[in-house]
Amino acid sequence: MKSINILSLVQAKASMDDKLFDDLVSFHKIGINDGEMEDLKQLVETVWGMLENPIHLNNFFVGYTIPQIGKEFDLLRFSDNLVVNIELKRESTEEKIKKQLLRNKYYLSYLERNIYSVTFVSTTGDFFILNEDDELKESSVEELIAVLHAQKSLEIRDLDQEFDPSDYLVSPFNSTDKFINESYFLTNQQENIKSQILKELGKNKTSFISLVGSAGTGKTLLAYDIVKEYMDANSALIIHCGQLNAGHAALIKEGWDIIPIKNIKSRNIVDYDAVFIDEAQRIYKRQYDEIIDDVKAANMNCVFSYDQLQTLSNAESKANIHGEISNLKGLISHKLSEKIRTNKEISNFIKCLFDKNRHIEFTYSGDIDFEYFNKMDDAREYTSSLRRGDWEVVRFTPSQYNTEHHKKYSDCNCQTSHEIIGQEFDNVVIVLDKFFYYNDSDSLDYKAYAYYNPVKMLFQNITRTRKKLKLIIIDNEEILGRCMKILG
């Protein structure tokens, strides 16, 4: 997206034919409609008479949207220590204006600059800002002009680089304090689904609801946010189909009722208004059937939250719980489609790693790295050293009964595939040993025995990555060559 002088933009709209103006807007990747252009015209006319030079209206980004998040700003302009944000409204209420400015402040705060965020109401000519106590106050055109005069605006070539989408996805498990204190916002898609699910939960009848989302869509945050609001007036039980983590423990201390699926007999689910099944793709068929029967008998609500791709064993895949849920009579299904957490570079790399036929062109920025060792002891020592730094080394879950090859190079102090379900980490280390290979279909496969499926565990582990991924390759030239080809 290119910045533009907004006086120039307004004059272009007034003098150009529609086709040429549309080309100009497209060239700058500006997101603005005719109504918003009229509001912008009113703003420019309000401030232009008191400005000394058109330079003070230079370097504005118009209609910028944070990648993957969907958060849009009407006008943004940057200097080294200040970001100016102007929101345009034809008309609005003070409550809505305050809500938007608070949300803007949250998203812009990650830029580590001072923030001047103001709303201009075009029909009245009024200006509103937040004071230091986050209270909405009337402002003036003189104050805005003073800010624009003083700001030494920057020309920013790639505004997307200023924002990191992963900053805005708070995990209930890895950022539990932020989650408890509600220091986060949902995307528009998440907000819409939340509103629909809460409305459905409010009906006095048996309801089966599914919330489906792949890695990086914010499914876990949304599911737990829904529970948090639902618990304001209702009782809820969360059944987690896996091992509880530290985030679960913190929520339990806050009064949440959360149990692992193995402890399902410790609760009578009919005592609750609703039961939420988290990571439902991993539930056993007999457990699933019992819950369905209890929900129907009690005329209550049941929400299944899951990602059908995140199974860890062949038995889980064969159980096809996704199919069972999908065939429930009267099921109300919701699907998250917008990626939030996923680093696009890492996402594209994962697709190409698991499928040798995939070829996706992307710019390699260094978020993915790999190291090659032909000696297992050296690889194990190296990964252990990384664990003591800023890296989360994730190992495959070993069998309780048999010795498996991957156990030989794994650090037993690291979390397993089962322990990290639903979690996310900034920097992740994954080990690929000599038994990973590409089968006749050019799909990634594994040719040694393991109780849990190593390819499925690899997918679970690698999709926990938010920012940086490091692969440790042990004595596997085929995988090394594939990685170099993907990133080369």
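Look a little higher up for the structure.
Described below are features of the structure shown in this document. Here the structure is a predicted model, which means the values were calculated and not measured.

1. Quick look at the overall build of the chain
Step number 1: Within the chain one finds 17 helices and 19 strands.
Step number 2: Based on the C-alpha atoms only, the size of the chain along its principal axes is roughly 80 × 60 × 40 Å.
Step number 3: Out of the 488 residues belonging to the chain, those deemed buried represent 53%.
Step number 4: When contacts within the chain are restricted to residue pairs at least 6 apart in sequence, those whose partners lie at least 24 apart make up 73%.
Step number 5: Side chains of the chain carry 59 positive and 76 negative charges; the gap between the two charge centres is 6 Å.

2. Notes on the pairing of strand β19 (residues 465-474)
Step number 1: With eight of ten residues buried, β19 lies mostly within the body of the structure.
Step number 2: As paired strands, strand β13 (residues 368-373) and β19 are joined by six bridges and run parallel to one another. The residue of β19 that forms the bridge with Phe 373 is Ile 474.
Step number 3: With seven bridges joining them, strand β16 (residues 425-432) and β19 adopt parallel strand pairing. Each bridged residue has a counterpart across the sheet, and for Ile 430 the counterpart in β19 is Leu 471.

3. Examining the packing of aromatic side chains
Ring pairs (aromatic) are described by centroid distance and by the angle formed between their planes.
Step number 1: Tallying each qualifying case throughout the model produces 20 aromatic pairs.
Step number 2: For the pair Tyr 106 and Tyr 107, a centre-to-centre distance of 5.1 Å together with 75° between the ring planes defines the contact as edge-to-face. Summarising the burial analysis for this pair, Tyr 106 and Tyr 107 share the class buried.
Step number 3: On the numbers, 5.9 Å between centres and 40° between planes, the contact of Tyr 288 with Phe 304 is tilted. Residue Tyr 288 is located in helix α10 (residues 285-298), and its partner Phe 304 is located in strand β11 (residues 301-306); the two are separated by 16 residues in the primary sequence. Taken as a pair, Tyr 288 and Phe 304 share a single burial class, namely buried.
Step number 4: Each residue in the set Phe 173, Phe 179, Tyr 184, Tyr 224 and Trp 256 is aromatic and connected to the rest through ring pairs, giving one cluster.
Step number 5: A cation over an aromatic ring shows up here: Lys 71 above the ring of Phe 73, its NZ or CZ 5.2 Å from the ring centre.
Step number 6: Geometry around Phe 179 places Lys 228 over its ring, the cationic atom sitting 5.0 Å from the centre.

4. Some words on the environment of Ile 292
Step number 1: For Ile 292, the position within the fold is in helix α10.
Step number 2: For the pair Ile 292 and Glu 142, spaced 150 residues apart in sequence, the C-alpha separation works out to 64 Å.
Step number 3: With near-sequence residues (within four places) excluded, Ile 292 lies in contact with Phe 208, Phe 304 and Leu 328.

5. Some points on the sheet that holds strand β9 (residues 258-260)
Remark on secondary structure: sheet strands pair via backbone hydrogen bonds, oriented parallel or antiparallel.
Step number 1: Spatially, β9-β8-β10-β11-β7-β12 is the arrangement adopted by the six strands of the open sheet, whose pairing is parallel. Two strands close off the open sheet at either side, each with one partner strand: β9 and β12 (332-336). Between one strand axis and the next, the sheet turns through 20° on average, direction left out of account.
Step number 2: Taken together, the six bridges between strand β7 (residues 207-213) and β11 define a ladder with parallel strand orientation. Within β11, the residue paired with Ser 207 across the bridge is Asn 301.

The rules behind each value
- Residues numbered from 1 in each chain as written.
- Predicted model: local features only at pLDDT ≥ 70, side-chain atom pairs only at ≥ 80, totals over all residues.
- Heavy atoms only, no water.
- Helix = DSSP H or I, 4+ residues; strand = E, 2+ residues; numbered from the N terminus.
- Buried < 20%, exposed > 50% of the residue type's maximum accessible area, 1.4 Å probe, protein only.
- Contact = heavy atoms within 4.5 Å.
- Lys, Arg positive; Asp, Glu negative; His and termini not counted.
- Charge placed at Lys NZ, Arg CZ, Asp CG, Glu CD.
- Pairing = 2+ DSSP bridges.
- Phe/Tyr/Trp six-rings, centres within 6.5 Å; stacked < 30°, edge-to-face > 60°.
- Lys NZ or Arg CZ within 6 Å of the ring centre and 35° of its normal.
- Axes fitted to C-alpha atoms, helices over the stretch in contact; angles between N-to-C directions.

The quantities given are spatial measurements derived from coordinates; they are silent on function.
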